[in-house]
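Now for the letters of each chain:
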Amino acid sequence: MRPLRIGVIGAGGNTRKLHLPGFQRLPGVTVAAVANRTPESGARVAAEFGIPRVAGHWREIVEAPDVDAVCIGTWPYLHAELTIAALRAGKHVLTEARMARGLAEAEAMQAEALRHPGLVTQIVPAPMSLAYDAAVRSLLDSGRLGRLREIVLTHTTAAALDPATPLSWRQDFELSGKNTLTLGIFYEVVLRWLRREPEAVSASARILTPERRDESGRLRRVLIPDVLVLKADYADGMQLAGHFSAVEPAAPRSEIRLHGTNADLHLDFLAGQAVLTPAGGTAEALPAGGPGWNVEADFVASIREGRPVELTNFATGVAYMRFTESVWQSWNAGGARVPVRPA
């Protein structure tokens, strides 16, 4: 078997923690080259992981004849440009989440992928529910929860509580676009479980610190909210509610609750537990039985064996970007009810 040669563009925290070790553990896979924000930082990553070549610009990796697949670990602002360029150069693509800065970029990525059906395109999936996804799907399919009435998403931190905290890439509209707090990864999990989208959403948001200094010390206007509250309605009457905050001084929360007519399910991702409580019954722990993190191996298997991409394909990415866009439109319109799918 000819070695599969990976080129890495953007070697941030997630790439160094997960993608590089993940690829290097796989037989017959080599990381051939890396390009980072600067040649100096790229050289440090290459030395740490034994990568033979440091590229001075991402185009060197996209155009390299000894690179078969590209792992994009940059912030969202480059995902569309890099993905489209890599596909046109005949490279398979694994891109970090969020898919893009907005729906138009995501749709352009999907359109380009459809022009290259022989190339694998995959987005890094929302990770927190991977160990429980199969169990949740089983509960939904078996009817143990009954008719689903409400799903509640909650994720709160104190990351933006201090007005003096510098502008992060997650708050920088140029880098992140309309991706707001952790809305995207939580909604992706819901998509994974329900496999359907809501009809419409209404949202309220607040930017509590209107200006922050960036890493260069320049004062910048903040366009991405510090707090987001939303409600989405499904065709069958189910409701999705969400509360996301980066200014909550209490202990952080990261959870999803599913309320059905027969039982409730509470997943607490920080505690690493899921609890099922039947109506009038006793709470029971739901075992974590899923495969967990297997992103790099899944990507390679799709390339070598033709396995369909499930976690996460571009169609799902476009769906969560469509929801993100609708939420953005709603809070900018004073909480107006915005269709998730155009009529």
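Once a new chain begins, its residue numbering starts again from 1 and follows that chain's sequence as written. Note on the predicted model: pLDDT of at least 70 is required for a residue's local features to be given, and 80 or more for side-chain atom pairs to be given and counted; whole-chain, interface and lining totals, by contrast, use all residues. Excluding hydrogens and water, the side-chain values take into account all heavy atoms of the structure.

Student: Would you mind going over the sheet that holds strand 17 (residues 338-339) with me for this structure?
Tutor: Strand pairing in a sheet relies on backbone hydrogen bonds. The paired strands run either parallel or antiparallel. Strand pairing requires that DSSP identify at least two bridges connecting the strands. Each helix is a run of DSSP H or I of at least 4 residues and each strand a run of E of at least 2, with the numbering of both proceeding from the N terminus. Reading across the sheet, the nine strands line up as 16-15-14-13-7-12-11-8-17 and stay open at both edges, with mixed pairing between neighbours. This sheet does not close on itself; its edge strands, each paired only once, are strand 16 (284-285) and strand 17. As judged from the seven bridges shared by strand 8 (residues 200-206) and strand 11 (residues 227-233), these two strands associate in the antiparallel manner. Each bridged residue has a counterpart across the sheet, and for S204 the counterpart in strand 11 is V229. Residue contacts are defined here by distance: any two heavy atoms, one from each residue, within 4.5 Å place the two residues in contact. Simply put, an axis is a line fit to the C-alpha atoms, just over the touching stretch for a helix, and the angle between two N-to-C directions goes from 0 to 180 degrees. Lying over the sheet, helix 6 (residues 133-142) contacts strand 7 (148-156), strand 13 (253-260), strand 14 (263-268) and strand 15 (273-278), oriented at roughly 170° with respect to strand 14.

Student: Hey, could you run me through the pattern of salt bridges in this one?
Tutor: Side chains bearing opposite charge may pair, as long as their charged atoms lie close to each other. By convention in these notes, a salt bridge is any Lys or Arg side-chain nitrogen within 4 Å of a carboxyl oxygen on Asp or Glu. As enumerated under the stated definition, the model contains 25 salt bridges in all. D68 is the salt-bridge partner of R2, the closest N and O atoms lying 3.3 Å from each other. Here R2 is found in the segment before strand 1 (4-9), whereas its partner D68 is found in the loop between helix 3 (58-62) and strand 4 (69-72), with 66 residues between them in sequence. Residue exposure (1.4 Å probe, protein chains only): buried if accessible area is under 20% of the type maximum, exposed if over 50%, otherwise partly exposed. By relative accessible area, which is 54% here, R2 ends up exposed. The salt bridge involving D141 is made with R137; its shortest N-O contact spans 2.5 Å. Remark: R137 and D141 occur in helix 6; sequence separation between them is four residues, near one turn of the helix. Overlapping salt bridges bring together D172, E174, D214, R218 and R220 as one network.

Student: How should the packing of aromatic side chains be read in this particular structure?
Tutor: A ring pair, where both rings are aromatic, is described by two values, the distance of the centres and the angle of the planes. Two rings from Phe, Tyr or Trp (for Trp, the six-membered ring) form a pair when their centres are within 6.5 Å of each other. A pair whose planes differ by under 30 degrees is stacked, one over 60 is edge-to-face, and the rest are tilted. Counted according to the given criterion, the structure contains seven aromatic pairs. With centroids separated by 5.8 Å and ring planes inclined at 75°, the aromatic side chains of F186 and F244 adopt a geometry described as edge-to-face. Taken together, the residues F186 in helix 8 (residues 183-194) and F244 in strand 12 (residues 239-245) connect sequence positions 58 residues apart. Per residue, the accessibility class of F186 equals that of F244, and both read buried. Should the NZ of a Lys or the CZ of an Arg lie within 6 Å of a ring centre and within 35 degrees of the ring normal, that charge is described as sitting over the ring. The ring of Y320 carries R98 above its face, with NZ or CZ at 4.2 Å from the centroid.

Student: Which parts of the structure should I look at to understand helix 5 (residues 103-114)?
Tutor: Side chains that are three or four residues apart share a direction in an α-helix, a result of its 3.6 residues per turn. Here helix 5 contains 12 residues, and its C-alpha end-to-end distance of 16 Å stays within 8% of the 16 Å for a straight helix at 1.5 Å per residue. Every buried residue of helix 5 is listed here: L103, E105, A106, M109, E112 and A113. Where the residues of helix 5 are buried, they touch helix 4 (79-88), strand 5 (92-95), strand 6 (121-123) and helix 10 (314-332). Each residue after the first adds 1.5 Å to the expected span of a helix.

Student: Sorry, what's going on with the layout of surface pockets here?
Tutor: Regions of empty space are outlined by a rolling probe, equal in size to a water molecule, passed over the atoms. In this structure, the second largest pocket occupies an estimated 700 Å³ of space. Using a grid of 1 Å spacing that covers the protein atoms alone, one calls a set of points a cavity when a 1.4 Å probe fits there but cannot get out, and a pocket when the set is open and has protein on both sides within 12 Å along at least five of seven lines; lining residues are those with an atom within 4 Å of a point. Looking at the second largest pocket, it is lined by 28 residues, and the ones nearest its centre are D133, R192, V309, E310 and L311. Taken together, the elements giving at least two residues each to the lining of the second largest pocket come down to helix 6, helix 8 and helix 9 (295-305). We call Asp, Glu, Lys and Arg charged. Ala, Val, Leu, Ile, Met, Phe, Trp, Tyr, Cys and Pro are nonpolar, and the rest, Gly among them, are polar. Here the residues of the lining of the second largest pocket sort into 11 nonpolar, seven polar and 10 charged. Grid points are joined across faces, edges and corners, and a volume is the space filled by probe spheres set on the points.

Student: I keep staring at the pairing of strand 11 and nothing clicks. Help me out?
Tutor: Consecutive residues of a regular strand have side chains that alternate between opposite faces of the sheet. Among the seven residues in strand 11, five count as buried, and that is most of the element. Where strand 11 meets strand 12, seven bridges bridge the pair, whose relative direction is antiparallel. Looking at the pairing, K231 lines up with A241 of strand 12. In this structure, the hairpin formed by strand 11 and strand 12 is closed by a connection of five residues, where G237 is found at a positive phi of approximately 95°.

Student: What should I look at first to understand the side chain of E112 in this one?
Tutor: One can find E112 in helix 5. Each residue touching E112, except ones within four places of it in the same chain, is listed here: I84, L87 and R88.

Student: Quick question: what am I supposed to make of the nonpolar core here?
Tutor: One broad trend across soluble globular proteins is that nonpolar side chains are buried collectively. Only buried residues count toward a nonpolar core, which is a set of Ala, Val, Leu, Ile, Met, Phe, Trp, Tyr and Cys residues joined through side-chain atoms within 4.5 Å. I151, L258, L265 and F323 are the most contacted members of the largest nonpolar core, which totals 75 residues. When near neighbours in sequence (up to four residues on either side) are disregarded, L258 contacts V136, L140, L145, L148, E150, I151, W193, A263, D264, L265 and L267. Counting residues in each nonpolar core, the second largest holds 24 residues, with F23, V34, L94 and V295 among its members.

Student: I tried to follow unusual backbone geometry on my own but got confused; where do I start?
Tutor: A negative phi angle characterises most non-glycine residues, just as the trans form characterises most peptide bonds. Between A97 and the following residue, R98, the backbone shows a cis peptide bond with an omega angle of -15°. With respect to the helices and strands, the residue R98 is situated in the loop between strand 5 and helix 5. Even without being glycine, L181 reaches a positive phi, approximately 50°. With respect to the helices and strands, the residue L181 is situated in the loop between helix 7 (173-176) and helix 8. The backbone phi angle of R195 is positive, close to 60°, even though this residue is not glycine. Tracing the sequence through the fold places R195 in the loop between helix 8 and strand 8.

By themselves, these are just geometric observations and shouldn't be taken as functional.
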